[in-house]
Amino acid sequence: MVKGILLLARGEANPEDFQLVGFTSIQSKFEEMDLYRREVLSDVRGVHFNSIVYYSERDVVIPHIEIRTARQEDHDNLATIFNA
């Protein structure tokens, strides 16, 4: 089960980049994490050491979804869609 969502904003990202990818609409649901060993990021290929890591509890961003075993009647209306 997914407990949380991490998002890495690359160090060279600017506010326009956040808007372009749609992050500004959900940014209030995330909090910026304090990184106590920021220099570790510079060892990750393609990641700038000034990158920002955001975190959110899964339930805040993705609503609870109940998954159950499929039943025959779940597929009754699909024939109409596929035959159209």
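Residues numbered from 1 in each chain as written. Predicted model: local features only at pLDDT ≥ 70, side-chain atom pairs only at ≥ 80, totals over all residues. Heavy atoms only, no water.

What about the side chain of Arg58?
At step 1: Relative to the helices and strands, Arg58 is located in helix α2 (residues 58–61).
At step 2: Under the relative-accessibility criterion, Arg58 is labelled buried at 11%.
At step 3: In this structure, Arg58 is in contact with Val2, Lys3, Gly4, Ile5, Pro63, His64 and Ile65, ignoring residues within four places of it in sequence. (Helix = DSSP H or I, 4+ residues; strand = E, 2+ residues; numbered from the N terminus. Buried < 20%, exposed > 50% of the residue type's maximum accessible area, 1.4 Å probe, protein only. Contact = heavy atoms within 4.5 Å.)

Considerations on the packing of aromatic side chains
At step 1: Applying the stated criterion across every chain, the model contains four aromatic pairs.
At step 2: A ring pair is formed by Phe23 and Tyr54, whose centres lie 5.2 Å apart and whose planes are at 55 degrees; its orientation type is tilted. Pair noted here: Phe23 is in the loop between α1 (15–20) and β2 (31–32) and Tyr54 is in strand β3 (residues 52–57), with a separation of 31 residues, a long-range link. With respect to burial, Phe23 and Tyr54 carry one shared label: buried.
At step 3: By way of ring pairs, the aromatic residues Phe18, Phe23, Phe30 and Tyr54 are connected into one cluster. (Phe/Tyr/Trp six-rings, centres within 6.5 Å; stacked < 30°, edge-to-face > 60°.)

Quick notes on a negative patch on the surface
At step 1: Residues Glu31, Glu32, Asp34 and Glu57 make up a contiguous surface patch of negative charge.
At step 2: Relative to the helices and strands, Asp34 is located in the loop between β2 and β3.
At step 3: Residue classification places Asp34 among the exposed residues on the basis of a relative accessible area of 76%. (Patch = residues over 30% accessible without salt bridge, like charges linked within 9 Å, V, L, I, M, F, W, Y side chains within 5 Å. Areas by Shrake-Rupley, 256 points an atom, 1.4 Å probe, with all protein chains shown as cover. Salt bridge = Lys/Arg side-chain N within 4 Å of Asp/Glu carboxyl O. Lys, Arg positive; Asp, Glu negative; His and termini not counted. Charge placed at Lys NZ, Arg CZ, Asp CG, Glu CD.)

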